Amino acid sequence: MNSYSWIRILLLGLALLRSCSSVEVTYDSNALIINGQRRIIFSGAVHYPRSTVEMWPDIIQKAKDGGLDAIETYIFWNHHEPVQRAYDFSGNLDFIKFLKLIQDVGLFVILRIGPYVCAEWNYGGFPLWLHNIPGIVLRTDNPIYKNEMQVFTTKIVNMAKEAKLFASQGGPIIFAQIENEYGNVMGDFKDPVKTSAYIKWCAQMAVAQNIGVPWIMCQQSDAPQPMINTCNGHYCHQFKPNNPKSPKIFSENWIGWFQKWGEKAPHRTAEDSAFSVARFFQTGGILNNYYMYHGGTNFGRTSGGPYITTSYDYDAPLDEYGNLNQPKWGHLKQLHAAIKLGEKILTNGTRIDKDFGNGDGKYFVPAWSVTILDGCNKEVFNTAKVNTQTLILVKKSDDGTTNLNWSWKPEPIKDTLKGEGKFKAPQLLEQKDLTLDASDYLWYMTTVAINDTTTWNNATLRVGTMGHTLHGYGYGFDMKKTGIAGGPVQLVGKNNETIDLSNNLWSYKVGLNGEKKRLYDLQPRIGISWVNGASKTYPVERPMTWYKADFNSPFGTNPVVVDMQGMGKGHAWVNGHSIGRYRPSFISSADGCSDTCDY
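Definitions and limits used
- Residues numbered from 1 in each chain as written.
- Predicted model: local features only at pLDDT ≥ 70, side-chain atom pairs only at ≥ 80, totals over all residues.
- Heavy atoms only, no water.
- Helix = DSSP H or I, 4+ residues; strand = E, 2+ residues; numbered from the N terminus.
- Rg over C-alpha atoms; globule rule 2.2 N^0.38 Å.
- Contact = heavy atoms within 4.5 Å.
- Areas by Shrake-Rupley, 256 points an atom, 1.4 Å probe, with all protein chains shown as cover.
- Lys, Arg positive; Asp, Glu negative; His and termini not counted.
- Charge placed at Lys NZ, Arg CZ, Asp CG, Glu CD.
- Phe/Tyr/Trp six-rings, centres within 6.5 Å; stacked < 30°, edge-to-face > 60°.
- Buried < 20%, exposed > 50% of the residue type's maximum accessible area, 1.4 Å probe, protein only.
- Axes fitted to C-alpha atoms, helices over the stretch in contact; angles between N-to-C directions.
- Parallel < 35°, antiparallel > 145°, perpendicular 65-115°, else oblique.
- Left-handed = near helix turned anticlockwise from the far one by under 90°.
- Nonpolar A, V, L, I, M, F, W, Y, C, P; charged D, E, K, R; others polar.
- Salt bridge = Lys/Arg side-chain N within 4 Å of Asp/Glu carboxyl O.
- 1 Å grid on protein atoms, 1.4 Å probe; cavity = no way out; pocket = protein on both sides within 12 Å on 5 of 7 lines; lining within 4 Å.
- Points joined across faces, edges and corners; volume = space filled by probe spheres on them.
- pLDDT = per-residue confidence, 0-100.
- Expected span 1.5 Å × (residues − 1).
- Disulfide = S-S within 2.5 Å.

K.L.:
Is there a simple way to think about the overall build of the protein in this case?
P.N.:
Broken down by element type, the protein carries 14 helices and 24 strands. Over its C-alpha trace the protein gives a radius of gyration of 28 Å, about what one expects of a compact globule, namely 25 Å for 599 residues. Counting only C-alpha atoms and orienting by the principal axes, one finds that the protein spans roughly 95 × 75 × 65 Å. The contacts in the protein between residues at least 6 apart in sequence include a share of 71% that link residues at least 24 apart. Per element, the accessible surface of the protein, about 30400 Å² overall, is 53% carbon and sulfur. With 59 positive and 55 negative side-chain charges, the protein shows a spacing of 4 Å between the two charge centroids.

K.L.:
Even after reading the chapter, I still don't get the packing of aromatic side chains, so can you show me in this structure?
P.N.:
Within a pair of aromatic rings, the relevant descriptors are the distance that separates the centres and the angle that separates the planes. On inspection of all chains with the given rule, the structure shows 34 aromatic pairs. Judged by centre distance (4.3 Å) and plane angle (40 degrees), the ring pair of F76 and W121 falls under tilted. Separated by 45 residues along the polypeptide, F76 in the loop between β5 (70-74) and α3 (77-80) and W121 in the loop between β6 (108-114) and α5 (128-131) bring together distant segments of the chain. Residue classification places F76 among the buried residues on the basis of a relative accessible area of 0%. On the numbers, 5.5 Å between centres and 20 degrees between planes, the contact of F423 with Y508 is stacked. In this pair, F423 is assigned in strand β15 (residues 423-425) and Y508 in strand β20 (residues 506-510), connecting sequence segments 85 residues apart. By relative accessible area, which is 34% here, F423 ends up partly exposed. Judged by its relative accessible area of 0%, Y508 falls in the buried class.

K.L.:
What is the right way to read the packing of helix α8 (residues 270-282) against helix α9 (residues 328-340) from this model?
P.N.:
Geometrically, a packed helix pair is captured by the angle between its two axes and the distance between the axes. With their axes 9 Å apart at the nearest point, α8 and α9 run at an angle of 20 degrees to one another. Here α9 runs roughly parallel to α8, going by the angle between their axes. Considering the relative orientation of α8 and α9, their crossing is right-handed. Contacts from A270, E271, S273, A274, V277, A278 and F281 of α8 reach α9 at K328, H331, L332, L335 and I339. Across the contact of α8 with α9, the residue classes tally to eight nonpolar, two polar and two charged.

K.L.:
What is the right way to read the pattern of salt bridges from this model?
P.N.:
Any two side chains of opposite charge can pair, given that their charged atoms come close. Tallying each qualifying case throughout the model produces 22 salt bridges. Of the charged contacts in the structure, one is a salt bridge between E379 and K385, with a shortest N-O distance of 3.2 Å. Relative accessible area serves as the criterion here: at 30%, E379 is assigned to the partly exposed category. By relative accessible area, K385 is classed as partly exposed at 35%. Three or more residues are tied together by salt bridges with common partners; here these are R39, D69, K340 and E343.

K.L.:
Whenever I open this one, the environment of I59 confuses me. Can you help?
P.N.:
Looking at the secondary structure, you find I59 in helix α2 (residues 56-65). The sequence separation of I59 and T446 amounts to 387 residues, and the corresponding C-alpha distance is 51 Å. Every residue in contact with I59, bar those within four places of it in the chain, is listed here: V46, S51, H294, L318 and G322.

K.L.:
What exactly am I supposed to notice about empty space enclosed by the protein here?
P.N.:
The rolling of a water-molecule-sized probe over the atoms marks out the regions of remaining empty space. Applying the stated criterion across every chain yields a total of two cavities of 30 Å³ or more. Its volume calculated, the second largest cavity comes out at about 50 Å³. Taken together, E72, I110, R112, F175, I216, I249, S251, L287 and N289 make up the full set of residues lining the second largest cavity. Taken together, the elements giving at least two residues each to the lining of the second largest cavity come down to β6, β10 (248-254) and β11 (285-294). Taken together, the residues of the lining of the second largest cavity break down into five nonpolar, two polar and two charged.

K.L.:
What exactly am I supposed to notice about the confidence of the model for the protein here?
P.N.:
Keep in mind that low pLDDT regions are not for reading the predicted coordinates in detail. Here the protein averages 89 in pLDDT, and 90% of its residues register 70 or above. In the model, residues 1-18 has pLDDT below 50 throughout and makes two contacts with residues more than four positions away in sequence or in other chains.

K.L.:
Help me understand helix α7 (residues 192-207), please; the structure alone is not making it clear to me.
P.N.:
An α-helical turn contains 3.6 residues, so any two residues separated by three or four positions project in the same direction. In this model, α7 (16 residues) spans 23 Å end to end at C-alpha, consistent with the 22 Å of a helix rising 1.5 Å per residue. Of all the positions in α7, only T195, Y198, I199, W201, C202, A203, M205 and A206 are classed as buried. Where α7 is buried, its residues contact α6 (143-162), β7 (173-178) and β8 (215-218).

K.L.:
Even after reading the chapter, I still don't get the state of the cysteines, so can you show me in this structure?
P.N.:
Structurally, a disulfide amounts to a covalent bond that connects the sulfur atoms of two cysteines. Applying the stated criterion across every chain, the model contains one disulfide. There is a disulfide in this structure between C231 and C236, and the S-S distance comes to 2.0 Å. Note on the C231 and C236 pair: the S-S dihedral is about -75 degrees, so by sign convention the disulfide is left-handed. By the burial criterion, C231 is buried, and C236 matches it. With no disulfide partner, C118 has as its closest neighbouring cysteine sulfur the one in C218, 9.9 Å distant.

K.L.:
Would you mind showing me how to read the environment of N325 here?
P.N.:
Structurally, N325 is set in the loop between β11 and α9. You can call N325 buried: its relative accessible area is 18%. Residues N325 and D315, spaced 10 residues apart in sequence, show a C-alpha to C-alpha distance of 7.7 Å. If we ignore the near neighbours within four places in the chain, the residues touching N325 are D315, A316, P317, L318 and D319.

K.L.:
Quick question: what am I supposed to make of unusual backbone geometry here?
P.N.:
A negative phi angle is the norm for most residues apart from glycine, just as the trans form is the norm for most peptide bonds. In this chain, G114 is followed by P115 through a cis amide linkage whose omega measures 5 degrees. Residue P226 is reached from Q225 by a cis peptide bond, and omega for that bond is 10 degrees. Structurally, the position occupied by P226 is in the loop between β8 and β9 (228-233). Even without being a glycine, N35 presents a positive backbone phi close to 50 degrees. In this structure, N35 sits in the loop between β2 (31-34) and β3 (37-39). Residue R139 is not a glycine yet carries a positive backbone phi of 60 degrees. Its place among the elements puts R139 in the loop between α5 and α6.

Written out as C-alpha cells, the structure reads:
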C-alpha cells in the first residue's frame with residue numbers, strides 16, 4: 001500500500017471521528033454554552049414542507065450568508081401520519097434530509113416537535129383521524145390523546161437519533177420544543193388541575209426521550225424545570241424566564257405576519273425588526289429566532305383557518321420564492337455582525353442599557369432605535385439607519401407561456417344531481433367527521449316533494465352553514481363545527497311559509513369525481529376526454545370546471561410562478577403536484593401604517 005493510500009485512510013478516519021463526536025450544549029442566564037464556548041445565537045424559521053426539496057440548499061445557504069447560526073422548523077404531524085400508524089417522510093416531507101443539509105453548511109437546528117404547531121397550518125398540524133377517536137380530548141390530561149402524542153413524538157425523536165442529528169451525537173440539533181403556545185389557551189379549558197397535570201406530563205415525557213440537549217416551551221410561564229420557557233411576539237425585551245438560571249430566548253420574533261384572503265399584505269419594516277432584536281440582546285437575550293426567515297408556500301390544502309392564503313411569504317427576509325427581501329435581509333445581516341462584535345461582553349453579563357457619550361460629544365440616537373458602539377467611541381450600527389438598497393422584484397412572463405392552449409372539462413355531477421351519495425343519514429352531519437381531510441368538498445343532498453307551485457314558486461333556500469375552512473387557533477378549535485352541521489336548512493316560500501329540511505334523509509359524498517379520477521395527473525387518464533379551447537368557446541361563469549394547459553419550463557433557475565389572474569376560486573396542480581388553493585385578489589385600500597410607526 002503506497003503512502004497516498006495511507007493518507008486517504010487517515011483523512012477518512014479523522015472525518016468519521018469528527019462526525020461522531022458529541023457536542024455538549026448547556027446554558028446559564030447569560031449564554032448558550034456549546035462545547036465550552038459562550039454563545040449568542042441568531043436563528044430563523046424555515047418550514048421544510050413550505051418549499052421544494054430543490055429550493056432547500058439555496059434557502060439554507062442564504063440563511064447562513066445572512067448571519068444566522070441556526071435554522072428552526074416545526075414537525076408537521078398531519079402530513080407525516082395522514083393515516084394512523086402509516087407514515088410519510090418522502091419528498092419535501094423528508095425532514096431528516098433537510099436537517100442534514102443544514103448541518104452540511106455548519107448551522108445548528110432548533111427542532112419544534114410540538115406536535116401541535118398552529119403555524120397557520122391546516123388543523124394546527126393535527127391529523128384528522130385524531131379528532132375522530134372516541135373519548136379523545138386534545139391538548140389536556142386525556143390518556144387517549146397523550147398516548148398518541150407520545151407515540152408520534154417518540155417516532156420523530158428516534159428517527160433523529162438514528163440519523164445522529166442531536167448535538168449530543170455530533171449532530172446539529174441544539175434545542176427541541178414540546179407543545180406550542182399552550183399557555184395562551186390553557187385558561188380556556190376551565191380545569192386548571194388537568195391543564196397543570198398535562199403540562200407536567202409533557203415535560204416528563206420529553207425529558208424521558210433522553211436526547212441530550214435542552215427542551216423549550218414557548219409562551220408557557222409555568223413550564224416546569226428543566227424546561228426553558230420562552231417568548232413569542234413582536235418585542236420580547238421585557239420578558240423574563242421563570243427561572244433566574246434559564247437563558248432568555250425569543251423563540252418567535254414575528255418578522256412580518258400571515259395574510260388572509262381579501263386583506264392587505266402585511267409588512268414590518270426592516271428598522272423595527274432590527275430594533276426589536278437589538279433591544280432584546282441589550283436586555284439580556286441570548287437567542288433570537290425569526291418567525292419566519294423564509295415563509296414559503298402553503299402547498300396543497302395545508303393553509304389553515306381562518307382564510308389563510310396559499311402564499312406564506314410573511315414579509316420574511318427571504319421571500320416566498322427564496323429571493324432576498326431587501327432591505328430587510330441585508331439590514332439584519334449587518335445587525336447580526338454588529339452584535340457579534342460584542343458577543344464576549346454580552347455573554348458574560350456586562351451589558352449596558354443607558355445613553356452615554358464619548359467625551360467628544362453626545363451621540364444622536366434616532367427615536368425608536370438602538371445604536372451599537374465599538375469601544376464606546378465608534379458607531380457601527382443603528383437600527384433605524386438602513387444602508388441596504390431596496391430591491392423590488394417583478395414577475396416577467398416567459399415568451400413560451402403567454403399564449404397557452406387551454407382545454408376544459410366539466411366536473412361530472414350527474415350522480416350528485418340525482419342525490420346519489422355513498423351513505424345516508426336523517427340529519428346534517430359535520431364535515432370534518434366525514435371527509436377526514438381527504439377533500440375540501442362534501443356534498444349534502446336531499447329531496448323534497450312540492451305540490452303547491454303557487455306557494456313555492458321562486459322559493460328561497462336558507463342554509464345555516466358553519467363555514468368552509470378549518471379554524472386552527474385557540475382553545476377547542478378541534479371541536480368547532482364545519483360544513484352544514486346541524487343547519488338549519490330551510491325552504492322559504494310565499495308569505496314566509498317554511499319547510500325545515502334539517503332532519504330529512506340526507507345523502508352524502510366526499511370529494512369530487514374529478515379528484516377520484518385524478519384529472520390533475522400528468523399522464524392522460526384512460527376514457528377521459530377534454531374539450532379543446534381552441535375549437536370551442538370557453539365556459540363562462542360555470543362552476544365546477546377543470547382546466548389544463550401545457551407549457552415549456554423557462555430556462556434558468558429563477559422561480560416559476562403560476563399567475564391565476566382571470567380565474568375565480570379553486571385548486572391548482574402542476575405536473576400532478578398540488579400548488580394550493582387560489583382566489584380572486586383585490587386592490588387594498590390606501591390607508592396603512594399610522595404616523596406613529598412610520599420610519
